Amino acid sequence: MISVSDFYKKIFSQKVYKIAVDAGCTCPNRDGTLGYGGCIFCSQSGSGDFVPGASLPVEKQIEEAKALVERKFSRATARGENVSKKYIVYFQNFTSTYAGQAGDEARLFDLFERACAAPEVVGIAIGTRPDCLSDKMLEFLARLSTRTYLQIELGFQTANEKTAEYCRRGFKNEVYLAAVRRIHAAAESCGGFIHVVTHIIFGLPGDSEEDMMKTVKSALAAGTDGIKITVLYVVGGTDLAADYRAGKFKTLTNEEYFSLIQKAVKLLPENMVVHRLTGDPPKRILIAPEWTANKRAVMNELSSLIAKYYT
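Structure report, in brief.

About the thresholds
Residues numbered from 1 in each chain as written. Predicted model: local features only at pLDDT ≥ 70, side-chain atom pairs only at ≥ 80, totals over all residues. Heavy atoms only, no water. Pairing = 2+ DSSP bridges. Helix = DSSP H or I, 4+ residues; strand = E, 2+ residues; numbered from the N terminus. Contact = heavy atoms within 4.5 Å. Axes fitted to C-alpha atoms, helices over the stretch in contact; angles between N-to-C directions. Parallel < 35°, antiparallel > 145°, perpendicular 65-115°, else oblique. Left-handed = near helix turned anticlockwise from the far one by under 90°. Phe/Tyr/Trp six-rings, centres within 6.5 Å; stacked < 30°, edge-to-face > 60°. Buried < 20%, exposed > 50% of the residue type's maximum accessible area, 1.4 Å probe, protein only. Lys NZ or Arg CZ within 6 Å of the ring centre and 35° of its normal.

## A closer look at the sheet that holds strand β1 (residues 2–3)
- Taken together, 8 strands build an open sheet; the order of strands is β1-β9-β7-β6-β5-β4-β3-β2 and the sheet is parallel. Each end of this open sheet is capped by a strand with a single partner; those strands are β1 and β2 (17–21).
- Strand direction decides the pairing type here: strand β4 (residues 121–128) and strand β5 (residues 149–157), joined by 6 bridges, are parallel. Residue pairing across strands places I124 opposite L150, the latter belonging to β5.
- Along the sheet, helix α9 (residues 254–265) contacts β6 (194–202) and β7 (226–231); its crossing angle with β7, the most-contacted strand, is approximately 165°.

Encoded structure:
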C-alpha cells in the first residue's frame, strides 16, 4: 500500500496540502428526492464540520483554508525549512456533484473551474455519492481531468445491504460498483485520469467483522484507486445519537478498531493508496467513542501498527 503523502509527492514532486471547501450542495436523502434527514450518522453540516461557510465565494473559502495551513508553514519556516505551498481543494461536505432538484449543474462546473484556477492549487477532490454522477457531470469531470489532477471520493461505508438500509444510505451496492466503472471509463475515453477514493466505516450497527472485511474486498474488486477507513463515531444532532443513547448499539473500543485495521491493511495490494485510517471527529459535538478525540494518540497507534505490518 502507498500513503497518500507519498502518492501526492510522486505526482507533484513535493508535499501537497488538502484544504476543505463547501460547494453549497445538499443531498438527495435530505431534500426529499430519496428522503429527509440524511444518513443516520451524518452531522448537520454534512460531515464538513471544519469547512468555511458556503455563503463565501469559493476563492475566499480557499484563502481562509490556506491561512489555516499557513500556521504550519510558519513553524516550519522558523525551523529553517524551505516550504513550497501547493494545495488540492476538497469539496468535502454533503454531495458535491448533486445539483439538487433544480438540476443546475452549470453552477457546479463553474465552481470547480474557479477552484482549479486559484493560486497554488494543483487539483481538486470532490466528495459525493455514487448515485449522484450524471452522464453530463462525468463528461465534464473527465474533460477537466485532462487539465488538472482530479479525485472523486465516493461514500460506500458498508457492503452489508441491511446495514446500509438502517443508515439510510439510499443506494444499493451495485450502484457503487457501477459508479467506479463509469468514472474510470469516462476519464479513459478522453485521455484523462480520475483517482477514485472509497470511504468505508468500521463499527456500523449490524456489521460483523466479516462484513467489514467484505466491504474492503468489495471496494478493491470495484477498482477503487484509494481508500479511506474510519471508525464510526457518534455526534450530537443525529438520529444515530438517539439510537446510541437508547442503548441500541455500542461503538468500537480502540483495541477493537486497531485490530480490524490491522486485518484490513493485510488485504490491500501494494498499489493501493491509503488516504486515511482514522476519522477526525469534531470534539464539540462528539458523543462516542471518546478515545477518538485524542487524535495524537490515535495517529501514534496507527503509525506503530503500520510499522509492524512492514517489519
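## Focus on the packing of helix α7 (residues 209–222) against α9
- Look at α7 against α9: their axes get within 10 Å of each other, and the N-to-C directions meet at 40°. Judged by the inter-axis angle, α7 sits oblique to α9. For the pair α7 and α9, the crossing hand works out as right-handed. Between α7 and α9, the contacting residues are E209, M212, M213 and V216 on the first element and L260, K263 and A264 on the second.

## Comments concerning the packing of aromatic side chains
- Throughout the structure, instances matching the rule amount to 13 aromatic pairs.
- Taking 6.4 Å as the distance between ring centres and 65° as the angle between the ring planes, the aromatic pair formed by F7 and Y149 counts as edge-to-face. Of this pair, F7 sits in helix α1 (residues 4–12) while Y149 sits in strand β5, placing them 142 residues apart in sequence. The pair F7 / Y149 is uniform in exposure class, with both members buried.
- Each member of the aromatic cluster is reached from another via a ring pair, and the members are F7, Y8, F12 and Y149.
- Lying over the aromatic face of Y17, K15 brings its terminal NZ or CZ to 5.2 Å of the ring centre.
- Sitting over the face of the ring of Y90, K18 holds its NZ or CZ atom 3.9 Å from the ring centroid.

## Description of unusual backbone geometry
- The linkage connecting A288 with the following residue, P289, adopts the cis geometry, with an omega of -10°.
- Relative to the assigned elements, P289 resides in the loop between β10 (286–288) and α10 (295–309).
- For S13, which is not glycine, the phi dihedral falls at a positive 60°.
- Structurally, S13 is set in the loop between α1 and β2.
- Of the residues examined, S13 reaches a relative accessible area of 66% and is grouped as exposed.
- Phi at F94 is positive, roughly 55°, even though this residue is not glycine.
- Tracing the chain through its elements places F94 in the loop between β3 (87–91) and α3 (105–117).

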